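Spelled out from the first residue to the last, the chains are:
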Amino acid sequence: MKILDRCGRFLSGIVYQNIAVLIAVGFLRILFSPAGWIPNTELYDTVNPMMTYLVPILFAYTGGRMLGDTRGGVIAAFVTIMAVIGSDREYPLILPALLIGPFVGWFIKKVDTWMEDRIPVGFELLFHNAVSGAIGVILGLFSYLCLVPMMTIFIHAALHGTQILIRSGMLPILAFAIEPAKVLFFNNVMNHGILEPLGMNQLKSAHTSIFFILEANPGPGFGMLLATYLWSRDKKRGELKTAITIQLLGGIHEVYFPYVLMKPMLIFPLIMGGLTGNLIFYLLDTGLVATPSPGSLLVIMAMTPKSSYAGVLCGIAAAAAVSFSVSYIMLRVLGKSGKKDEPGRERLRLDEADGETDERSGNEADRERTIAKVVFACDGGMASSAMGAAKLKKALKRKKIEHIQVIYTGIDRIPKDADLVVVHQQLKKRMKQSLAEANYLFVPSLIDSELYQHILKLIESSRPVPRAKEAETGPKLQQADRFPLRKEQFLLDMRVKDKWEAIEMAGRRMIDLGMARDKEYIQEMKSRELVHSTWIGSGIAVPHGLDPDSKSIAQPGWVMIRFAEETMFGEDERVRLMFAICGKGNEQLDLISKLAFLVERPDIRKALLTMRTQEQFVLLFNALRSE
């Protein structure tokens, strides 16, 4: 189940990143199709090539890049175009592209890792690109000759099964699977991993697809929230009103999931509402031209052809009415039975999840840690987490707190420099809690105002970003005390394909700053790296020349690179901070030892990973030199 969950979320992540293109194609359908607002056959004919060529290639490139960086994406696109050319092009190869992209990216990454220590110095660019090209040809021929015929059979079988489901009149009962899956935060897997590819393939033979509206229908959630709002009698009504607006117009359905999880019986009204809506869509033969993402009523109407407005609105309204009626009756009956357990009355418990206290959020020492980066995480990393991050940013702005970075992401892509991670408690078992130094808040709702008040208190009570005057006594960092630090010494959030490119980058900067005389020193640093990795632990590496008396050294100094992503310096040697050093005689060893001492301190290391500007780095290191 965990493997299926991770695969589904990964595939939905691929689709998520290309939603804009799908919506753009949907606009073309709405505007220029024979039933559109401005019928134009010539412009409408551009839709089929986009679905046949562009969309599969984009999906494959995205999947390949996610696992194999840019080269993985490029080769995945090459293999996919070979598959498209080899197919009968009767149906777009959406599903095959979702499989080809990640596989090619993964394979490229494995080959790169295997070749890392086997390529002669200076031949990295040639070998990596030549081998990748050969892999592309081999996999492209395989997809052209073997994979496409097999996938064609599979696609035809899947579409045939879909047609049987539609013709049999059993399609509405999918609500029994869709609604519970949504509440358990499998909404992205269900929508973008299953229903959307089926819908895109159905568009090949129809102008609209019912599959696009099945999961996105806001009616069931809206009806349940409205019933809960009218039944509630406490201060939580304000938050329910906010949730209703966000769910219906903002399209973030996750806001109603906590209310159902607090009262599982409310899943029944959602299923009844979904069943009713699906039945109306089916009977009126209506659908959308693309997936509405987010599932906002406004986006849904934008993706609806003018001939289907009545059917779509009837289905949404019927789903909302049924869900509201059943929810309100059940809540009234529950209230009369004396079980006054309102969804709105459950207090926000910030340091607990399912009754179990999280050791990292309840630890008093953790509460005193510096909080410089707050991460909101949800299943897909684009809906409820984006809303939570936006709410916190507004709260910070009102408090005039400016040094906090707030981001949102998926639960499997949480950055390792996060200080505070906010996640819905239902996702606790599905996330990889690999951040040993981070605090976690597993919460029942991301719309509760108490959550943001609590986060503000944590931030205000946490230690400020460490400065040198607060640091413990140690060796002074002196650049021979003769040369002032310059902001050009600090390269921030750089992206490199491997450690050799990083050393090249640092070496060129050393030459520009007058520390090294020529490119010979770059070669000396590479030669030293070949002898033994300069990784020193804690995500840090200190490349330096092999000969401390080299004529290529002009003056002692160092250049720091902070990588946007971890760079491998060897097996299991992951690096985020690299200090390239040059110095003659004992100066080189002196610089290495002093830097190593400083970056071993967690407070300094945290500051180096979170500071945003070169000027901040200059101030910090100047202060460290003057201790």
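Criteria and thresholds
Residues numbered from 1 in each chain as written. Predicted model: local features only at pLDDT ≥ 70, side-chain atom pairs only at ≥ 80, totals over all residues. Heavy atoms only, no water. Helix = DSSP H or I, 4+ residues; strand = E, 2+ residues; numbered from the N terminus. Buried < 20%, exposed > 50% of the residue type's maximum accessible area, 1.4 Å probe, protein only. Contact = heavy atoms within 4.5 Å. Areas by Shrake-Rupley, 256 points an atom, 1.4 Å probe, with all protein chains shown as cover. Pairing = 2+ DSSP bridges. Axes fitted to C-alpha atoms, helices over the stretch in contact; angles between N-to-C directions. Salt bridge = Lys/Arg side-chain N within 4 Å of Asp/Glu carboxyl O. Polar contact = N/O pair within 3.5 Å; in protein donor to acceptor, adjacent residues only side chain to side chain. Phe/Tyr/Trp six-rings, centres within 6.5 Å; stacked < 30°, edge-to-face > 60°. Core = buried A, V, L, I, M, F, W, Y, C linked by side-chain atoms within 4.5 Å. Left-handed = near helix turned anticlockwise from the far one by under 90°. Nonpolar A, V, L, I, M, F, W, Y, C, P; charged D, E, K, R; others polar.

J.: So what exactly am I meant to see when it comes to the overall build of the protein chain here?
T.: Scanning the protein chain from N- to C-terminus turns up 22 helices and 11 strands. Relative to its full complement of 627 residues, the protein chain shows a buried share of 55%. Put simply, of all contacts in the protein chain between residues at least 6 apart along the chain, 74% involve residues at least 24 apart. Carbon together with sulfur atoms contributes 60% to the accessible area of the protein chain, which is approximately 27,500 Å² in total.

J.: What should I look at first to understand the sheet that holds strand E6 (residues 439-443) in this one?
T.: Adjacent strands of a sheet pair through backbone hydrogen bonds, lying either parallel or antiparallel. Taking strand neighbours across the sheet as the criterion, the 4 strands line up as E4-E3-E5-E6 in an open arrangement whose pairing is parallel. Edge strands, defined here as strands with exactly one partner in the open sheet, are strand E4 (405-410) and E6. Each adjacent strand pair in this sheet contributes to an overall mean axis angle of 20°, direction not counted. The sheet contact formed by strand E5 (residues 420-424) and E6 spans 5 bridges and is parallel. Across the sheet, Val 421 pairs through a bridge with Tyr 440, a residue of E6. Helix-sheet contacts for helix H16 (residues 384-398) involve strand E3 (373-378) and E4, and the interaxial angle to E4 is about 175°. Its contacts with the sheet place helix H17 (residues 449-461) against E3, E5 and E6, and it is angled at close to 165° to E6.

J.: Looking at this structure, I do not really get unusual backbone geometry. What am I missing?
T.: In most cases, non-glycine residues show a negative phi, while peptide bonds are predominantly trans. Unusually for a residue other than glycine, Lys 400 sits at a positive phi of about 60°. Inspection of the secondary structure puts Lys 400 in the loop between H16 and E4. Here Lys 400 falls in the exposed class, since its relative accessible area comes to 73%. Its identity as a non-glycine residue notwithstanding, Asp 493 has a phi of 55°, on the positive side. Structurally, Asp 493 is set in strand E7 (residues 490-494).

J.: Quick question: what am I supposed to make of the pattern of salt bridges here?
T.: Once the charged atoms of two side chains with opposite charge are near each other, the side chains can pair. Enumeration according to the criterion identifies 9 salt bridges in this entry. The residue Lys 606 makes a salt bridge to Asp 419 at a minimum N-O spacing of 3.1 Å. One end of the pair, Lys 606, is in helix H21 (residues 602-610); the other, Asp 419, is in the loop between E4 and E5, with 187 residues separating them in the sequence. Here Lys 606 matches Asp 419 in class, with each residue buried. Each of Glu 504, Arg 508 and Lys 526 takes part in salt bridges that share partners, so that together they form one network.

J.: Would you mind showing me how to read the side chain of His 253 here?
T.: By the element assignment, His 253 lies in the loop between helix H10 (237-250) and helix H11 (257-262). Overall, His 253 belongs to the buried group, its relative accessible area being 4%. A polar atom in the side chain of His 253 sits 3.1 Å from the side chain of Lys 182. Of note is the side chain of His 253, whose polar atom sits 3.0 Å from the backbone oxygen of Gly 295. Other than its neighbours up to four places away in sequence, His 253 contacts Lys 182, Glu 215, Ala 216, Asn 217, Pro 218, Gln 247 and Gly 295.

J.: Help me understand the packing of aromatic side chains in this model?
T.: Pairs of aromatic rings are described using the distance from one ring centre to the other and the angle between the two planes. One pass over the full model with this rule turns up 14 aromatic pairs. Three or more aromatic residues joined by ring pairs make a cluster, and in this case those are Phe 490, Trp 558, Phe 579, Phe 617 and Phe 621.

J.: Help me out: how do you make sense of the nonpolar core in this one?
T.: As a rule of thumb, nonpolar side chains are buried together in soluble globular proteins. If you look at the biggest cluster of nonpolar residues, it comprises 59 residues, and the most contacted ones within it are Phe 59, Val 104, Met 200 and Phe 211. Top contributing element to this core by residue count: helix H4 (residues 47-86), with 10 residues. Filtering out sequence-adjacent residues up to four positions away, Phe 211 remains in contact with Thr 162, Ile 166, Leu 171, Leu 195, Leu 198, Gly 199 and Gln 202. Counting residues in hydrophobic clusters, the runner-up holds 41 residues, among them Met 224, Ile 244, Ile 371 and Leu 456.

J.: How do you make sense of the sheet that holds E7 when you look at a structure like this?
T.: Within the open sheet, the 5 strands sit side by side as E7-E10-E11-E9-E8. Their pairing is mixed. Only two strands of the sheet have a single neighbouring strand rather than two, namely E7 and strand E8 (535-537). Across 3 bridges, E7 lies against strand E10 (residues 557-568) in parallel orientation. Counted as the bridge partner of Phe 490 is Met 560 from E10. Contacts from H21 reach strand E9 (540-541), E10 and strand E11 (574-582), with the element oriented near 95° to E11.

J.: What should I look at first to understand H21 in this one?
T.: Since the α-helix advances by 3.6 residues per turn, residues separated by three or four positions end up pointing in the same direction. In terms of residue burial, H21 counts as a mostly covered element, since 7 of its 9 residues are buried. Of the residues making up H21, those classed as buried are Ile 604, Arg 605, Lys 606, Ala 607, Leu 608, Leu 609 and Thr 610.

J.: What's the story with the packing of helix H18 (residues 499-512) against helix H19 (residues 520-531) in this structure? I'm lost.
T.: Two quantities define a packed helix pair, namely the angle between the helix axes and the distance between the axes. Interaxial distance between H18 and H19 falls to 9 Å at its minimum, and their mutual angle equals 145°. The two elements H18 and H19 cross, and the hand of that crossing is right-handed. Across the interface between the two elements, Lys 499, Trp 500, Ile 503, Glu 504, Gly 507, Arg 508, Met 510 and Ile 511 of H18 pack against Tyr 521, Ile 522, Met 525, Lys 526, Glu 529 and Leu 530 of H19. A breakdown of the residues in the contact of H18 with H19 according to their chemical character gives 8 nonpolar, 1 polar and 5 charged.

J.: Would you take a moment to explain the pairing of E3 for this structure?
T.: Burial analysis of E3 places 6 of its 6 residues in the buried class, the great majority of the element. Across the two faces of E3 the burial is the same, with Lys 373, Val 375 and Ala 377 and Val 374, Phe 376 and Cys 378 all buried. Pairing geometry for E3 and E4, over 6 bridges, is parallel. In the sheet register, Cys 378 faces E4, and the bridge partner there is Gly 410. Pairing of E3 with E5 involves 4 bridges; the strand directions are parallel. By the bridge assignment for E5, Val 375 is matched with Val 421.

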